[in-house]
Structure formats: C-alpha cells, structure tokens
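Next come the chains, spelled out residue by residue.
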Amino acid sequence: MSVNQVMVIGAGQMGAGIAQVFAQSGLKVKLNDMNEEALNKGITGIEKRLQRVVDKGKLTADEQAKANELLSGTTDLNDASDCDLVIEAVVENMDVKTKVFQSLDEITPAHAILASNTSSLPITEIAAVTKRPSQVIGMHFMNPVPVMKLVEIIRAIQTSDETYQVIEEMTKKLNKAPVEVNDLPGFAANRILMPMINEAIFAVHEGVASVEDVDTVMKLGMNHPMGPLTLADFIGLDTCLYIMEVLHDGFGDSKYRPCPLLRQYVKAGWLGKKSGRGFYSYE
Ligand code: NAI
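Worth saying up front: this structure is predicted, and the values here are computed from it rather than measured.

S.K.: Requested: an account of the overall build of the chain, with residues and values cited.
M.R.: Helix and strand counts for the chain stand at 11 helices and eight strands. Its C-alpha atoms give the chain a radius of gyration of 19 Å, within 12% of the compact-globule value 19 Å for 283 residues. Reported as C-alpha extents along the three principal axes, the dimensions of the chain are approximately 55 × 45 × 30 Å. The buried share of the chain, reckoned over its 283 residues, is 42%. A separation of at least 24 residues holds for 64% of the contacts in the chain among residues at least 6 apart in sequence.

Printed below as a string of structure tokens:
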C-alpha cells in the first residue's frame, strides 16, 4: 500500500509538529482542527518554524516552498475522504478520540490506516470502535516533533503485520527512528519516564533535596539534558498526573501511585510552563 495523502487531526502542539514533519518529508498533508483559530495558529506556527530552519541554513527556500505547498488546512473532517493515512492528535480523552475514530471509519477509504498519537490511552480499545481494527495503530511522536527522533509504534492486539509495516516504513521516511511496542499502559516511553518524574517529585515532597538540586543530580550526575522537574513542567503537570493514574489503574501496582505533591500542584492550577507556574516560575 502506498501513502500519498495524509491527514493530521488536531492542530495543537503535537498535531502541527506532525503535519510539519510530513510536509518536510515530501508528503501531501491536510491539517484538521474543529476550531478554526487553533487551525490557523497551527498553520502559522509551522510556517514560522520552517522559516527558522531556512534561516539556520538547514532547509533551502525551494524545500520550504515545497513543504508549504504540500500542507493545507481544513476544519472539515470529511476532507479525509481521499486520505490513505490519518493520524489523530486531538485532546487526550477517550470519548473524544473514539468519536473521531468512528467518524473516520465512515469517511476514509476502506484501505486507509488510522493512527493515534495518544500518549497513554489503549490503542486496542480505540481500534475496537472501528470496523477496521486491523488497520488501527499507535504512532506516538515525541515533543517537539520536528526535533525528536523517536516514534513509538504501538501495536493494538488487533493490528495486522501489514499495517505495522506500512507505519514502520513511513516513520523511516520521516527520518524518525521507529520502536515497536505492545499496547500496555504507558507503552514504553511513559512507563519508564513518568515513574522517574514521579519519584523526583517524591524526593522534593519528602525533603530529600530542593527542586533545583534534584534537577542538578539528574543533569550532572546522569547526563540527562534536562532535569526531571523541568521536564515535568514542560510536559504539563496535569498530563504527568494523568499518565501516572493510567499506570496505577492499568497495573494496579502501588509503585505507580502519583505523589500527593503532584496532585496538589494540579489542584492549585500550577500546571507547569503552560500555566506560568509549576516547579519553576515562568512569569
Ligand atoms: P493540544 O491541546 O495542544 O491540541 C489538541 C487540539 O485538538 C486542539 O487544537 C483542539 O482544538 C483539537 N481538537 C479537539 N477535539 C477535536 C476534534 N474532535 N476534532 C478536531 N480537532 C480537535 O494537545 P497536544 O499536546 O497536541 O496533544 C494531542 C495528543 O498528543 C494527545 O493525545 C496527547 O496525549 C498526545 N501527546 C502529547 C504530547 C505532549 O508533549 N504534549 C507528547 C506525545 C503525545
């Protein structure tokens, strides 16, 4: 199966990044958002980022023009009717995602593959709401998408080998590194990363070390490019809490219990960089 036309649904930070990478790799991509303002913001963001890459000398003006030409925006999901691959990157909410997949199942051609960029929801459950579960798969990009090399490809229990192969090849075409992962809570990346972040929060909560010192330990001691608490602020503390809850519910193991301090920050509305305050202040 060849993929000629792609649609990315959700023009937020992830969806816009994913659409950019497809356009830069020479693929026709439609970016969809139900909110026109969000769509315009997504498209403008892509154009600005492409300009920055040109300014840095990493993309020619011709390549930039080509990428801009390959990219289009739409608020109409029916425009997925000629798409071979659709990647959903809407809000992390099962009801919203299942509705999107049910609509896509009606709209897209029978051969189309439907992928989700979810960071924590079960692909198996998403696949089950469609009439083409063998063509549903997880394609978990990392943030910021144009920079980060990894894509976790998540096989639902129903995903066919053919679907997996098409997505693996596509990932390589995007100049990304695919990793095959089975559909268990947190997949691989968040199952490993989030308990580390949660433990860093426990260390602060229990007075082991200050926020800055916990980050310094991991940066200078473990050579991490960024401390876990800085990273948590970037990801969003609400997202971190949500993923810990997915791990805790999914495995029923107390080692995944979210730190009470994380819960408190989220209740206070201290969600990290996006809200101006988390473990650090961004005002
Ligand atoms: P975001 O909140 O920045 O963007 C979501 C966009 O989806 C919004 O523009 C919203 O208007 C749109 N949307 C909501 N419902 C829609 C619908 N029914 N149809 C069309 N558009 C709709 O969210 P973000 O951060 O880009 O996350 C998107 C997905 O990517 C989530 O599933 C998240 O778990 C996943 N993800 C997020 C990462 C991150 O670091 N933010 C990393 C990896 C995955």
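S.K.: Run through the sheet that holds strand 1 (residues 5–9), naming residues and quoting values.
M.R.: One open sheet holds the eight strands; their spatial order is 3-2-1-4-5-6-7-8, and the pairing between them is mixed. Two strands lie at the open edges of the sheet, namely strand 3 (71–74) and strand 8 (177–182), each paired on one side alone. Each neighbouring strand pair of the sheet contributes to a mean axis angle of 25°, computed without reference to strand direction. Running over the sheet, helix 4 (residues 94–107) touches strand 1, strand 4 (85–88) and strand 5 (113–116) and is turned about 165° from strand 4.

S.K.: Now, about the nonpolar core: what can you tell me, with residues and values included?
M.R.: Counting 52 residues, the largest nonpolar core has V8, I18, A19, V86 and I137 as its most contacted members. Beyond its immediate sequence surroundings of up to four residues, V8 is in contact with G15, I18, A19, V29, L31, N32, I87 and A89. Counting residues in hydrophobic clusters, the runner-up holds 25 residues, among them V204, M218, L247 and V266.

S.K.: Quick one: what's the story with the domain arrangement of the chain, residue by residue and with numbers?
M.R.: Domains assigned within the chain are domain 1 (5–182) and domain 2 (190–273). Put simply, the middle of domain 1 and the middle of domain 2, counted by C-alpha atoms, are 28 Å apart.

S.K.: Residues and numbers for the site of the ligand, please.
M.R.: Looking at the ligand, there are 23 residues lining it, with G10, G12, M14, A38 and N143 nearest. The dominant element in the shell around the ligand, judged by the number of residues it contributes, is helix 1 (residues 13–24), at three residues. By residue class, the composition of the shell around the ligand is 11 nonpolar, 10 polar and two charged.

S.K.: Describe the packing of helix 7 (residues 189–205) against helix 10 (residues 237–251), and please don't skip the residues or the numbers.
M.R.: Angle between the axes and distance between the axes: these two values describe a pair of packed helices. Two elements in contact, helix 7 and helix 10, have axes whose closest approach is 10 Å; the angle formed by their N-to-C orientations is 115°. In the packing of helix 7 onto helix 10, the handedness of the crossing is left-handed. On the side of helix 7, the interface is formed by N190, R191, M194, I197 and N198, while helix 10 contributes C240, I243, M244 and L247. In the contact of helix 7 with helix 10, the residues fall into six nonpolar, two polar and one charged.

S.K.: Explain the UniProt feature "domain: 3-hydroxyacyl-CoA dehydrogenase NAD binding" (unreviewed entry) in the chain to me, using residue names and the numbers behind them.
M.R.: As recorded in UniProt, the feature "domain: 3-hydroxyacyl-CoA dehydrogenase NAD binding" (unreviewed entry) lies at residues 5–183. Note that residues 5–183 is 42% helix and 22% strand, and that its end C-alpha atoms are spaced 27 Å apart.

S.K.: Any chance you could break down the packing of helix 7 against helix 11 (residues 260–268) for me, citing the residues and the numbers?
M.R.: The contact between helix 7 and helix 11 brings their axes to 8 Å, and the two run at 90°. Between helix 7 and helix 11, the angle falls in the class roughly perpendicular. Note on element contacts: helix 11 touches helix 7 through P260, L261 and L262, opposite N198, I201, V204 and H205. Residue classes in the contact of helix 7 with helix 11 are distributed as five nonpolar, two polar and no charged.

S.K.: Break down the UniProt feature "domain: 3-hydroxyacyl-CoA dehydrogenase C-terminal" (unreviewed entry) in the chain for me, citing the residues and quoting the values.
M.R.: Feature annotation in UniProt places "domain: 3-hydroxyacyl-CoA dehydrogenase C-terminal" (unreviewed entry) on residues 186–282, given in this structure's numbering. Regarding residues 186–282, the helix share stands at 63% and the strand share at 0%, and the terminal C-alpha atoms are separated by 28 Å.

S.K.: Residue-level account of the environment of K274, with values.
M.R.: Considering the arrangement of structural elements, one finds K274 in the segment after helix 11. Exposure remark for K274: the 16 C-beta atoms within 10 Å place this residue in the partly exposed category. Separated by 64 residues in sequence, K274 and S210 place their C-alpha atoms 22 Å apart.

S.K.: Can you explain the pairing of strand 2 (residues 28–32)? Please cite residues and give values.
M.R.: In terms of burial, strand 2 is a largely internal element, four of the five residues being buried. Judged from the five bridges that link them, strand 1 and strand 2 form a sheet pairing that is parallel. The residue bridging I9 from the neighbouring strand is N32, located in strand 2. Traced from strand 1 through helix 1 to strand 2, the parallel crossover comes out right-handed. Sheet topology note: the strand 2/strand 3 ladder contains four bridges and is parallel. By the bridge assignment, V29 is partnered in strand 3 with L71.

S.K.: How would you summarise the environment of D82 if you had to cite specific residues and measurements?
M.R.: Residue position: D82 is located in the loop between strand 3 and strand 4. By the C-beta count within 10 Å, which is 14 here, D82 ends up partly exposed. Between the alpha carbons of D82 and N4 there is a distance of 9.3 Å; along the sequence they are 78 residues apart.

Criteria and cut-off values
- Residues numbered from 1 in each chain as written.
- Predicted model: local features only at pLDDT ≥ 70, side-chain atom pairs only at ≥ 80, totals over all residues.
- Helix = DSSP H or I, 4+ residues; strand = E, 2+ residues; numbered from the N terminus.
- Rg over C-alpha atoms; globule rule 2.2 N^0.38 Å.
- Buried ≥ 20, exposed ≤ 12 C-beta atoms within 10 Å, placed from the backbone.
- Contact = placed C-beta atoms within 7 Å.
- Pairing = 2+ DSSP bridges.
- Axes fitted to C-alpha atoms, helices over the stretch in contact; angles between N-to-C directions.
- Core = buried A, V, L, I, M, F, W, Y, C linked by C-beta atoms within 7 Å.
- Domains from an automatic or database assignment.
- Near = placed C-beta within 6 Å.
- Nonpolar A, V, L, I, M, F, W, Y, C, P; charged D, E, K, R; others polar.
- Left-handed = near helix turned anticlockwise from the far one by under 90°.
- UniProt positions renumbered as here; feature names shortened; annotations may be inferred.
- Parallel < 35°, antiparallel > 145°, perpendicular 65-115°, else oblique.
- Right-handed = clockwise from strand over helix to strand, strands pointing away.

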